[in-house]
Amino acid sequence: MEGWLITNGFLSTQKFQELYEMFRESAKKYSLDLKLIKNDEILVDIAIEECTMKPDFVLFWDKDIKLAAYLEKLGIRVFNPARSIELCDDKSLTHLELMNHGINMPRTIFAPMTYTNIGYTNLTFLELVKSRLEFPIVIKEVFGSFGQQVYMANDEEELVNIVRECGSSKLIFQEFVKSSKGRDIRLQVVGNRVVASMYRYNDTDDFRANLSSGGKMKGYTPTKEQENLAIKTCKILGLDFAGVDILFGEDDEPIVCEVNSNAHFKNITDASRVNVSDKIIEYIIEELSVG
Ligand SMILES: Nc1ncnc2c1ncn2[C@@H]1O[C@H](COP(=O)(O)OP(=O)(O)O)[C@@H](O)[C@H]1O
Ligand SMILES: [Mg+2]
């Protein structure tokens, strides 16, 4: 069986190389021919409607959603589906898609849409935000990862400053789940199962549990309720696999924080001693053999 591992040609940090290497090793274990192809090596070309060297599948480890959708149009099974990657890439789309399904989430308000060359020239909408959410308020750029585009405003002045500094970025405002300050869990779902978990906690004053924001990790055994929430969330979003971040509510009830379609699984592999890349490759083989 032949597959393509599609990655981003402009991202070549150690962190990403490490993941690609893990996939390559897993593929070898299962005698799968996995070719590494970068998104700048194939390009979407609408004149090409048939793929002559069509692989059996694509493992899409990037957020080039249009390329993923194009490959689907060529009749290739893409893991994860393009639409699922799109829903996870933009945090506002994730929350919108999860609405009306009984999924516990922090109250989330979207900034009104503005244009890149204009920005938020009028901040009166912040009055509405303030009337609905108590300080501190969590602010997130909808595109972001590693906690880098996640902020907290303790008062009105900070709120205005953060929004100004974000320029014309798309934003969401979120209820701060105090009971989860500096801690969360990451559950790695593959197919219909949680295959690995870790607990993340931050000893510093930072409210973000990401390891890149100073968080630490340890192995964790999730409750059935946490597992079910993560699995249901992935199902709604149409994901084959994902890393789901879950917060602790006041009574420890699980709350979905965000979903990562291309979760970095090196840390969770270390914390849980479960080889996540093996699990993903096993799942793909199983899916393709079933049909
Ligand atoms: N509403 C919230 N209440 C409390 N903590 C939060 C909230 N949203 C995010 N966090 C913390 O910030 C971290 C980063 O937020 P997240 O939405 O997962 O963004 P990223 O994609 O950057 O990881 C989370 O892991 C969690 O620890
Ligand atoms: Mg996260």
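Before any of the text, the structure's been laid out above.
Residues numbered from 1 in each chain as written. Chains lettered and ligands numbered in written order. Predicted model: local features only at pLDDT ≥ 70, side-chain atom pairs only at ≥ 80, totals over all residues. Heavy atoms only, no water.

A.B. asks: Before we go on, may I ask you to explain the nonpolar core in this structure?
C.D. replies: Core analysis: the biggest nonpolar cluster contains 26 residues, and Phe23, Leu59, Trp61, Phe241, Phe265 and Ile280 have the highest contact counts within it. Secondary-structure elements contributing two or more residues to this core are helix H1 (14–29), strand E3 (57–60), strand E10 (193–201), helix H9 (266–272) and helix H10 (276–290). The element that contributes the greatest number of residues to this core is H1, accounting for 6 residues. Lining this core are residues from two domains, each supplying at least three of them: domain 1 (2–79) and domain 2 (87–104 + 179–290). Setting aside anything within four residues of it in sequence, one finds Leu59 in contact with Trp4, Leu5, Ile6, Phe23, Phe79, Phe241, Ile280, Ile281 and Ile284. (Core = buried A, V, L, I, M, F, W, Y, C linked by side-chain atoms within 4.5 Å. Buried < 20%, exposed > 50% of the residue type's maximum accessible area, 1.4 Å probe, protein only. Helix = DSSP H or I, 4+ residues; strand = E, 2+ residues; numbered from the N terminus. Domains from an automatic or database assignment. Contact = heavy atoms within 4.5 Å.)

A.B. asks: Any chance you could explain the packing of helix H6 (residues 125–132) against helix H7 (residues 156–165) here in plain terms?
C.D. replies: Packed helices, taken two at a time, are described by the angle their axes make and the gap between the axes. Contact geometry for H6 and H7: axes closest at 12 Å, N-to-C directions at 130 degrees. Taken together, the axes of H6 and H7 are oblique relative to one another. Of the two possible hands of crossing, H6 and H7 adopt the one that is right-handed. Of the residues in H7, those touching H6 at Leu126, Glu127 and Lys130 are Glu156, Leu159, Val160 and Val163. Here the contact of H6 with H7 is built from residues that sort into 4 nonpolar, no polar and 3 charged. (Axes fitted to C-alpha atoms, helices over the stretch in contact; angles between N-to-C directions. Parallel < 35°, antiparallel > 145°, perpendicular 65-115°, else oblique. Left-handed = near helix turned anticlockwise from the far one by under 90°. Nonpolar A, V, L, I, M, F, W, Y, C, P; charged D, E, K, R; others polar.)

A.B. asks: Is there a simple way to think about H1 in this case?
C.D. replies: In a regular helix each residue adds 1.5 Å, so 16 residues correspond to 22 Å; H1 covers 23 Å between its end C-alpha atoms and thus fits that length. On the buried face of H1, the contacting elements are strand E1 (2–7), strand E2 (33–38), E3, H9 and H10. Looking at the residues trailing H1, positive phi occurs at Ser31, about 50 degrees. (Expected span 1.5 Å × (residues − 1).)

A.B. asks: Help me understand the packing of aromatic side chains, please; the structure alone is not making it clear to me.
C.D. replies: Two aromatic rings are characterised by how far apart their centres lie and by the angle between their planes. The tally for this structure, following the rule as stated, stands at 14 aromatic pairs. An angle of 20 degrees between the planes, with centres 6.0 Å apart, marks the rings of Trp61 and Phe241 as stacked. On the criterion of sequence distance, the pair formed by Trp61 in the loop between E3 and helix H3 (65–73) and Phe241 in strand E12 (residues 241–248) is long-range, its members being 180 residues apart. Seen in terms of ring centroids, Tyr199 and Tyr201 are 5.9 Å apart; in terms of plane orientation they differ by 25 degrees. Their pairing is stacked. When its relative accessible area of 15% is taken as the criterion, Tyr199 is described as buried. Three or more aromatic residues joined by ring pairs make a cluster, and in this case those are Phe23, Phe57, Trp61, Phe79, Phe241, Phe265 and Tyr283. A cation over a ring is seen here: Arg183 above Phe248, with NZ or CZ 4.2 Å from the ring centre. In this structure, Lys218 is placed above the aromatic ring of Tyr201, and the distance from its NZ or CZ to the ring centre is 5.4 Å. (Phe/Tyr/Trp six-rings, centres within 6.5 Å; stacked < 30°, edge-to-face > 60°. Lys NZ or Arg CZ within 6 Å of the ring centre and 35° of its normal.)

A.B. asks: How do you make sense of empty space enclosed by the protein when you look at a structure like this?
C.D. replies: Where empty space is left can be seen by rolling a probe of water-molecule size over the atoms. Overall, the coordinates contain 1 cavity of 30 Å³ or more when judged by the stated rule. Taken as a whole, the largest cavity spans an internal volume of roughly 340 Å³. Forming the boundary of the largest cavity are 28 residues, of which Lys140, Val150, Phe207, Leu247 and Cys257 lie nearest the centre. Of all the secondary-structure elements, those providing two or more residues to the lining of the largest cavity are strand E6 (137–141), strand E8 (171–175), strand E9 (183–190), E12 and strand E13 (254–260). Split by residue class, the lining of the largest cavity holds 9 nonpolar, 9 polar and 10 charged. Here the lining of the largest cavity spans two domains, since at least three of its residues come from each of domain 2 (87–104 + 179–290) and domain 3 (108–176). (1 Å grid on protein atoms, 1.4 Å probe; cavity = no way out; pocket = protein on both sides within 12 Å on 5 of 7 lines; lining within 4 Å. Points joined across faces, edges and corners; volume = space filled by probe spheres on them.)

A.B. asks: Even after reading the chapter, I still don't get H10, so can you show me in this structure?
C.D. replies: Two residues of an α-helix separated by three or four positions point the same way, owing to the 3.6 residues in each turn. Taking 1.5 Å of rise per residue, 15 residues should cover 21 Å, and H10 covers 21 Å from first to last C-alpha, within 8% of that figure. Of all the positions in H10, only Val276, Ser277, Asp278, Ile280, Ile281, Tyr283 and Ile284 are classed as buried. Two or three places before Ser277, at the opening of H10, Asn275 has a side-chain oxygen 3.2 Å from that residue's backbone nitrogen. (Polar contact = N/O pair within 3.5 Å; in protein donor to acceptor, adjacent residues only side chain to side chain.)

A.B. asks: How should the coordination of the magnesium ion (ligand 2) be read in this particular structure?
C.D. replies: For a metal with four tetrahedral donors the ideal donor-metal-donor angle is 109.5 degrees, while six octahedral donors give ideal angles of 90 or 180 degrees. Within the protein, the atoms that donate to the magnesium ion (ligand 2) are Asp245 (OD) and Glu258 (OE), at distances of 1.9 to 2.1 Å. With Asp245 in strand E12 and Glu258 in strand E13, this residue pair connects regions lying 13 residues apart in the sequence. You'll find Asp245 and Glu258 in the same group, each marked buried. (Donors = N, O, S within 2.8 Å, 3.2 Å for Na, K, Ca; no water.)

A.B. asks: What exactly am I supposed to notice about the layout of surface pockets here?
C.D. replies: Here the largest pocket is characterised by a volume of approximately 570 Å³. As for the largest pocket, its lining consists of 32 residues, of which Ser145, Phe146, Asn262, Ala263 and His264 are closest to the centre. Broken down by secondary-structure element, the contributors of at least two residues to the lining of the largest pocket are H1, helix H4 (82–89), E10, E13 and H9. The dominant element in the lining of the largest pocket, judged by the number of residues it contributes, is H1, at 5 residues. Residue composition of the lining of the largest pocket, by class: 11 nonpolar, 10 polar and 11 charged. Put simply, the second largest pocket is a space of about 170 Å³. In the lining of the second largest pocket, the residues fall into 5 nonpolar, 3 polar and 4 charged.

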